[in-house]
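Survey of secondary and tertiary structure
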Amino acid sequence: MSNENAFDIVSKVDMQELTNAIQQAEREIDTRFDFKGSKSSIAIDKEDLIVASDDDYKLQAVLDILLSKMIKRGVPIKNLDYGKIEAASGSTVRQRIKLRTGIDQEAAKKINILIRDSKLKVKSQIQGDQIRVTGKSKDDLQSVMALLRGADLPVELQFTNFR
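Residues numbered from 1 in each chain as written. Predicted model: local features only at pLDDT ≥ 70, side-chain atom pairs only at ≥ 80, totals over all residues. Heavy atoms only, no water.

Digging into the overall build of the protein chain
Within the protein chain one finds four helices and eight strands. In the protein chain, the succession of α and β elements from N to C terminus is β-α-β-β-α-β-β-α-β-β-α-β. In terms of C-alpha radius of gyration, the protein chain reaches 20 Å, well past the compact-globule figure of 15 Å for 163 residues. The buried share of the protein chain, reckoned over its 163 residues, is 40%. (Helix = DSSP H or I, 4+ residues; strand = E, 2+ residues; numbered from the N terminus. Rg over C-alpha atoms; globule rule 2.2 N^0.38 Å. Buried < 20%, exposed > 50% of the residue type's maximum accessible area, 1.4 Å probe, protein only.)

Structure below.
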């Protein structure tokens, strides 16, 4: 058995938890008095969320409800790219929100630089849309995890395959 330890840094959205958060938000919208008779909806379309409502104010209220449910269920909200608010049919407004999965090259380079500047005895390499970190000491790997949790990065990170 090798004496090298490793883990992967990934960025993904748990679609089941996202679906649960959407269902909870829709239930709350159905029961709230300020949404009586409104045409508010939340839908998933492949890698996009589509939020629609009567006007900008109600759209923002729907987004606030959705984000609070996502936070409670542990769905990362840093991985959302908000599109512009556009007019939809029936005098309603709609906003597309893109779900980012994977770590883009720019963020991966930033993470690699953070790891390299930490002076820990670990190696990191970009593998597609994830980063593999290897090292002899598990303590060093856990220090890297703590460092990245505390860093202000544009994406939410998860750590998998710790071995």
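Read on, since the account is not over.
Topic: the environment of Lys84
Along the chain, Lys84 turns up in strand 4 (residues 80-88). Along the backbone, Lys84 and Gln95 are 11 residues apart, and their C-alpha atoms lie at a distance of 6.1 Å. Setting aside residues no more than four positions away along its own chain, Lys84 makes contact with Arg94 and Gln95. (Contact = heavy atoms within 4.5 Å.)

Some details on the sheet that holds strand 4
Taken in spatial order, the four strands of this open sheet run 2-3-5-4, and their pairing is antiparallel. Looking at strand neighbours, the two that pair on one side only are strand 2 (41-45) and strand 4, the edges of this open sheet. Sheet twist, expressed as the average angle between the axes of neighbouring strands with direction ignored, equals 20°. Bridge count for strand 2 against strand 3 (residues 48-53) is five bridges, and the pairing is antiparallel. Looking across to strand 3, one finds that Ile42 is bridged to Val51. (Pairing = 2+ DSSP bridges. Axes fitted to C-alpha atoms, helices over the stretch in contact; angles between N-to-C directions.)

A short note on the packing of aromatic side chains
In total, this model carries one aromatic pair according to the counting rule given. Aromatic pair Phe7 and Phe159: ring centres 5.7 Å apart, planes at 80°, arrangement edge-to-face. Residue Phe7 is located in strand 1 (residues 5-10), and its partner Phe159 is located in strand 8 (residues 158-160); the two are separated by 152 residues in the primary sequence. (Phe/Tyr/Trp six-rings, centres within 6.5 Å; stacked < 30°, edge-to-face > 60°.)

Here we look at helix 4 (residues 138-150)
Helix length check: helix 4, at 13 residues, gives a terminal C-alpha distance of 19 Å against a target of 18 Å (1.5 Å per residue), a fit within 8%. If you check which residues of helix 4 are buried, you get Asp140, Leu141, Val144, Met145 and Leu148. One face of helix 4 carries all of its buried residues, which in axial projection span an arc of 150°. With respect to the buried face of helix 4, the exposed residues turned more than 90 degrees away are Asp139, Arg149 and Gly150. The elements touched by buried residues of helix 4 are strand 1, helix 3 (105-117), strand 6 (122-127), strand 7 (130-135) and strand 8. Sitting at the head of helix 4, Ser137 places a side-chain oxygen 3.2 Å from the backbone nitrogen of Asp139. (Expected span 1.5 Å × (residues − 1). Arc of directions from axis to C-beta. Polar contact = N/O pair within 3.5 Å; in protein donor to acceptor, adjacent residues only side chain to side chain.)

Re the nonpolar core
Ranked by size, the top nonpolar core spans 23 residues in total, and within it Leu18, Ile42, Leu49, Val51, Leu66 and Met70 carry the most contacts. Of all the secondary-structure elements, those providing two or more residues to this core are helix 1 (15-31), strand 3, helix 2 (56-72) and strand 5 (92-99). No other element matches helix 2, which puts eight residues into this core. One finds Ala108, Ile111, Met145 and Leu157 within the second-largest nonpolar core, a separate group that totals 18 residues. (Core = buried A, V, L, I, M, F, W, Y, C linked by side-chain atoms within 4.5 Å.)

Quick look at unusual backbone geometry
Positive phi, normally seen in glycine, also occurs at Lys46, with a value near 55°. Counting through the fold element by element, Lys46 comes out in the loop between strand 2 and strand 3. For Ser91, which is not glycine, the phi dihedral falls at a positive 50°. With respect to the helices, strands and loops of the structure, Ser91 is situated in the loop between strand 4 and strand 5.

Points about the sheet that holds strand 1
Backbone-to-backbone hydrogen bonds join strands into a sheet, with any given pair of strands oriented parallel or antiparallel. Across the sheet, four strands lie side by side as 6-7-1-8; this open sheet has antiparallel pairing. On the outer flanks of this sheet lie strand 6 and strand 8, each paired with one strand and no other. Averaged over all pairs of adjacent strands, the angle between their axes in this sheet comes to 25°, without regard to strand direction. Where strand 1 lies against strand 8, three bridges are found, and the strand directions are antiparallel. Paired with Asp8 across the two strands is Thr160, which belongs to strand 8. Sitting on the sheet, helix 3 touches strand 1, strand 6 and strand 7, and the angle it makes with strand 6 is about 175°. Against the sheet, helix 4 makes contact with strand 1, strand 6, strand 7 and strand 8, and its axis sits at roughly 15° relative to strand 1, the strand it touches most.

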